[in-house]
Amino acid sequence: MRLNILAFAAGVILLQTQAALPNCGAWGFLGVLVLLPAWRWPGRSRRILAAMACLLLGFSFACWRAEIRLADELPGALEGQDIELVGVVASLPQDFSHGTRFEFAVETPLTATKGFPQRIMLSWYQARVDAPSEKRVIKPGERWQMTVRLKRPHGNANPHGFDYEAWLFERNIRATGYVRQNPAKLLDEMVWTPGNIVERTRFRIRERLLAVLPADQYPLTGILVALAIGDQKSVNGDLWTTFNRTSTTHLFSVSGTHITMVAALFAGLVGWAWRRLPALALRLPAQRAALFAGCLTALGYVFLAGFGVPAQRTLYMLLVAALAMSAGRILTPSRTLSLALLVVLLIDPWAVLAAGFWLSFGVVGALLFVASALTGEIHGWRERLHAWGWLQWSATLASLPVLLLIFQQFSIVSPLANALAIPVISLIVTPLSLLAALIPWWPVVWLAHTILGWLMLFLEWCALFPVWQTPAAPLWSAMLAALGVAILLLPRGMAGKSLGLMMLLPIVFWPAERPSDGTAQIMVLDVGQGLAAVIQTRTHTLVYDPGPLYSAESDAGQRVVVPYLRALGVNRLDMLMVTHRDSDHAGGLASVMAAMAVTELRSSLTEIPGSRCERGQRWVWDGVSFEVLHPAAGAYLAETKTNHLSCVLMVEAGGRRMLLTSDIEAEDEAELLAISPQYLAADILLVPHHGSRTSSTADFIRAVAARDAVIPVGYRSRFGHPKAEVLERYEQAGSRIWRTDRDGAISVTLGQGDGLPVAWRQQRARYWQGR
């Protein structure tokens, strides 16, 4: 059974790596054909055929589910159009700086008759900076009639970046958009469905906790909310840095440990009371009553927590174990975990796209494996302490391959931090948070907050220790490391432990890949409407603009640039060039400066430290030449539009050239043409000002004569970039057009090969992209 379930899971995982959906029926039919003779073949042959059939059936099943989900899409003709809808607020609303974001279950599209998605995500921009009190409180379960403007699911596509489109697809959110200024009508205060009741309950608990201990005065209240209802967005963003550096992130949401503890506590209380009521004990044994109560408690807590993958896994494991005990059967831990895995994939085949899925099942599998070996060996307090330490070490070791593969970092003090944090959070803070959710009495909430504050002091001390960081390693190194972890967790006395340790070496010490001498690697990142590019030579790294500011809470430096640099193994920038003041270019500056040591900061911003970029500046790194072509030194003396101060950079390696132009406009192009038109020639051009009609004059395009034109632009840009007439001029000049909104991040290698750009969306295509 276990092998067949693993094969089924492998088929599901394989489907999620496909660029396009295959013929689901054909693969399912093939799986049935392989399965039929398996029942008649003997021994090992039958097991092999059954596993192959389960792999094919898992692939076909996931494909079938994907077909159904993709069919629920927003027609392309409706993108950007005003659409009037009637629907229900279907999730816990999340406030941001100027409004509220929530999931919306569409009941009736009044201006679109067919082909409309059932679930969308909306942002309602209500609050003005000068009148924050006008912001309306949106509640789950409310029915609204509103005018919205939508687009298909779209996210930034970058190497080693978060796949927002996959996240939306997994949550069955098939369009995103915003509420228009037309007055929305509240039709019903509450639509009474089980899902809406759960979400409204979560909303009320959050409001009560925040009312008792306001977040502006008690910064850890958001953690109590997260532990009670699974709302991680209530947690202050700065706290996640501490959690990440100590590998305690899993504790500050509703995890399997918390659910198991709460279920066991309630089951124990019910069992104790049941035995003292003979009439009840005669009707139903106390053990079964306790099992039923524990499962019911776990089910309620999981729904209250938002039904995340870690919570699902724990719930299904508890239900499987409870059914087996009720039936008088004893299941091994591996069978219980396998059945939980099967249930998760049958309900949500896209769960495998989340890092939490791998961390959850990997760590729990390791703990069950180690705990089974310790059974019967624990007698005194010394043995208990040793077992607790061994379990902590096992959990830390089991998470190592996933953390290094996905996040490229690992906390060295994780065992120490978790050794104290797990019992404090699971046995003290979480029960108090749940008690406060039921009885929002100030002393209870204050006590939980105070204990949490003491723990945070310890975690902040742990966060001062260094974090092991590595460049992004290939998948095979993580698989090898997982096998090595399994060997290291074998019982004492088993041979081969040194081999297991050696299997960890590739992913732990994976070297950074750098260009060779005389070669430049340029990555134009997909940051939406803005610009961020990373230029690498053999021993140097330059960031050309740190990207846009998205909101008061986030920017491209934090979300895109720094994660990409970490994946490259870069911890220090040799130069950070901020081309001009506009927030779509300089918005990520603070985040990059906070995360990276910067040797030289060069910009056209006079208010920040560092040197100015001026025409005539030249330098050579590892055989690659750099030259600043604009602005002239005298440009800083006059008051002018910030775009006219944009730093223009020419990069040349091995006879190939790329011209990066930021936001220069027509008069700046004319100035460059007047000075040295022959020197503007380049193989690749980073198109000025995102393809605005204020730039890319015909003379400039002709002088550059670029074979490839790269346009950094946001999807369905509100400015209408790139303009149709600009695209036409480049096409008439014979340039191939590359766009970050369509192609994702675009990589260019100068000095090696033909220097053709490579688009990330083509290199790593997935069937849900653009759908």
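Parameters at a glance
Residues numbered from 1 in each chain as written. Predicted model: local features only at pLDDT ≥ 70, side-chain atom pairs only at ≥ 80, totals over all residues. Heavy atoms only, no water. Phe/Tyr/Trp six-rings, centres within 6.5 Å; stacked < 30°, edge-to-face > 60°. Helix = DSSP H or I, 4+ residues; strand = E, 2+ residues; numbered from the N terminus. Buried < 20%, exposed > 50% of the residue type's maximum accessible area, 1.4 Å probe, protein only. Lys NZ or Arg CZ within 6 Å of the ring centre and 35° of its normal. Salt bridge = Lys/Arg side-chain N within 4 Å of Asp/Glu carboxyl O. Core = buried A, V, L, I, M, F, W, Y, C linked by side-chain atoms within 4.5 Å.

## Things to note about the packing of aromatic side chains
A complete count under the given rule lists 22 aromatic pairs for this structure. A centroid spacing of 5.2 Å and a plane angle of 85° characterise the contact between Phe357 and Trp358, whose relative ring orientation is edge-to-face. Here Trp442 and Trp446 contribute two aromatic rings whose centre-to-centre distance is 5.8 Å and whose plane-to-plane angle is 25°, an arrangement assigned as stacked. In this pair, Trp442 and Trp446 are both assigned in helix H16 (residues 442–462), four residues apart and thus about one turn of the helix distant. According to the relative accessible area criterion, Trp442 is partly exposed, its value standing at 41%. Looking at Trp446, the relative accessible area reads 37%, which means it is partly exposed. Members of the aromatic cluster, joined through ring pairs, are Phe169, Trp350, Tyr767 and Trp768. Sitting over the ring of Trp619, Arg602 keeps its end group 4.8 Å from the ring centre. Against the face of Tyr636 rests Arg612, its NZ or CZ located 4.5 Å from the ring centre.

## Quick word on the pattern of salt bridges
Summed over all chains, the structure comprises 26 salt bridges. Close ionic contact of Asp82 with Arg180 constitutes a salt bridge, the shortest N to O distance being 3.0 Å. Pair noted here: Asp82 is in strand S1 (residues 82–89) and Arg180 is in the loop between strand S6 (176–179) and strand S7 (185–188), with a separation of 98 residues, a long-range link. Of the charged contacts in the structure, one is a salt bridge between Arg171 and Glu103, with a shortest N-O distance of 2.6 Å. Placement of the pair is Arg171 in the loop between helix H4 (164–170) and S6 and Glu103 in strand S3 (residues 99–109), with a sequence separation of 68 residues. Residue Arg171 is classed as partly exposed on the basis of its relative accessible area of 37%.

## As for the nonpolar core
Of all hydrophobic cores here, the largest spans 44 residues; its most connected members are Ile259, Leu341, Leu345, Phe357, Phe361 and Tyr767. Here this core takes eight residues from helix H3 (residues 43–71), the largest share from any one element. Judged by nonpolar contacts, the second largest core, of 41 residues, contains Val212, Leu239, Ile422 and Leu452.

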